[in-house]
Amino acid sequence: MDNDFNSQFSEKLQVLRKVAVESCQLAAQSIVNEKENQEDDLASIKKLGEELLESIKQIISRIKMPDSFEAISKMNKVQYVYWDYLSQDFIDDILNACDVDNYLFEYEGKGDFASIELIIKKCIENVFINQYKTLFSQSLDAYHDGSFHLSALGLTAIIDATLSEVSQNSTPHAKERYDKILEKLKNKEIVDEEEYAILVLYWTFHSMAKSFYKKAPFSEQEPILLNRHWIAHGRTKREFSQLDCIKLIRFLYSILIIGEFDKK
């Protein structure tokens, strides 16, 4: 009995160790190239995002669901990326929630967290994740084992690498596609569910990217929101939660959605 327990415990430790080691390796590689590549990538994303957000906000505030504007704003404040049509029930629940994070955790927990497990499955199947599949798998092992800090470390490294690759491949084309979509929608008072979902995706994605990559010096207090700088450099003292990891997985998947969409 003791031997079985020790064996299982040792196996879990090995999985967690691999996550930490591979996360550090990928993060180290990212840091080496950070000044050369990441700032340029993020500058492109930030510039594109700033150009789009005002147009998106104007469209969403105009269409026949004014409460959705406030609901999306509340999701943005807690770094929750969303890409589906917002039902009126969901909007009402967000607006009436005393604690949006608590509501979102209950929402995600439905069906034994079926929604995030489906998203994880889609991430695994995506070509962009293939080159990081070992680290992603081990990060998921840590997530399912309740080791959320280690999982967040691995996920952050993968987000860094994936966002850099997707932005290099798609940003010029993305601008052209976004402009076409916004031009089509700017004079409409009613949009269909797919159009609405695209607007919500772009808005919540860019909001998450802006807050996650916000400059936050170590000489100052650690940000309340998830911050890549503090996580990747091992300075965070945050007690990571399951919802934190869910937000990172959703952010990762939103990058993949945009990468695939911009190929079309």
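A quick note: this is a predicted structure, and the numbers were derived from the prediction, not measured.

Asker: Before we go on, may I ask you to explain the overall build of the protein chain in this structure?
Answerer: Helix and strand counts for the protein chain come out as eleven helices and zero strands. The linear arrangement of helices and strands in the protein chain, starting from the amino end, is α-α-α-α-α-α-α-α-α-α-α. The buried share of the protein chain, taken over its 264 residues, is 48%. Taking the contacts inside the protein chain whose residues are at least 6 apart along the sequence as the reference set, 72% of them involve residues at least 24 apart. Carbon together with sulfur atoms contributes 51% to the accessible area of the protein chain, which is approximately 13,900 Å² in total.

Asker: Can you help me understand the packing of aromatic side chains in this one?
Answerer: The geometry of an aromatic ring pair is captured by the separation of the ring centres together with the interplanar angle, meaning the angle of the planes. By the definition in use, this model includes 13 aromatic pairs. With a centroid separation of 5.1 Å and 15° between ring planes, the pair formed by Tyr82 and Phe90 is classed as stacked. The residues Tyr82 and Phe90 share a single accessibility class, namely buried. Taken together, the aromatic side chains of Tyr80, Tyr82, Phe90, Tyr103 and Tyr107 make up a single cluster linked through ring pairs. The positively charged end of Arg235 is found above the aromatic ring belonging to Phe218, 4.3 Å away from the centroid. Over the ring of Trp83 we find Arg250, and its NZ or CZ is 4.3 Å from the ring centre.

Asker: Would you mind showing me how to read helix α9 (residues 193–212) here?
Answerer: Across its 20 residues, α9 extends 28 Å between first and last C-alpha, which sits within 8% of the 28 Å expected from 1.5 Å per residue. For α9, the tally of buried residues reaches 17 of 20 residues, placing the bulk of the element in the interior.

Asker: What is the right way to look at the nonpolar core in this model?
Answerer: Generally speaking, soluble globular proteins have nonpolar side chains that are buried together. Ranked by size, the top nonpolar core spans 46 residues in total, and within it Ile116, Phe136, Ile159, Phe212, Leu248 and Phe251 carry the most contacts. Elements that contribute at least two residues to this core include exactly α5 (110–125), α6 (127–130), α7 (133–144), α8 (148–185), α9 and α11 (242–261). It is α11 that provides the largest number of residues to this core, a total of twelve residues. In contact with Ile159, not counting residues within four places along its chain, are Phe212, Tyr213, Leu248, Phe251, Leu252 and Ile255. Of all hydrophobic cores here, the second largest spans 17 residues; its members include Ile91, Ile94, Ala97 and Val100.

Asker: Got a minute to help me understand the packing of α5 against α7 in this structure?
Answerer: Packed helices, taken two at a time, are described by their axes: the angle between them and the distance between them. As a packed pair, α5 and α7 sit with axes 11 Å apart at the nearest point and diverge in direction by 165°. If you check the angle between α5 and α7, you find them roughly antiparallel. Pair α5 / α7 crosses with left-handed handedness. Two secondary-structure elements touch here, α5 through Ile116, Glu117, Ile120, Cys123 and Ile124 and α7 through Phe136, Leu140, Tyr143 and His144. Its residues assigned to classes, the contact of α5 with α7 comprises seven nonpolar, one polar and one charged.

About the cut-offs
- Residues numbered from 1 in each chain as written.
- Predicted model: local features only at pLDDT ≥ 70, side-chain atom pairs only at ≥ 80, totals over all residues.
- Heavy atoms only, no water.
- Helix = DSSP H or I, 4+ residues; strand = E, 2+ residues; numbered from the N terminus.
- Buried < 20%, exposed > 50% of the residue type's maximum accessible area, 1.4 Å probe, protein only.
- Contact = heavy atoms within 4.5 Å.
- Areas by Shrake-Rupley, 256 points an atom, 1.4 Å probe, with all protein chains shown as cover.
- Phe/Tyr/Trp six-rings, centres within 6.5 Å; stacked < 30°, edge-to-face > 60°.
- Lys NZ or Arg CZ within 6 Å of the ring centre and 35° of its normal.
- Expected span 1.5 Å × (residues − 1).
- Core = buried A, V, L, I, M, F, W, Y, C linked by side-chain atoms within 4.5 Å.
- Axes fitted to C-alpha atoms, helices over the stretch in contact; angles between N-to-C directions.
- Parallel < 35°, antiparallel > 145°, perpendicular 65-115°, else oblique.
- Left-handed = near helix turned anticlockwise from the far one by under 90°.
- Nonpolar A, V, L, I, M, F, W, Y, C, P; charged D, E, K, R; others polar.

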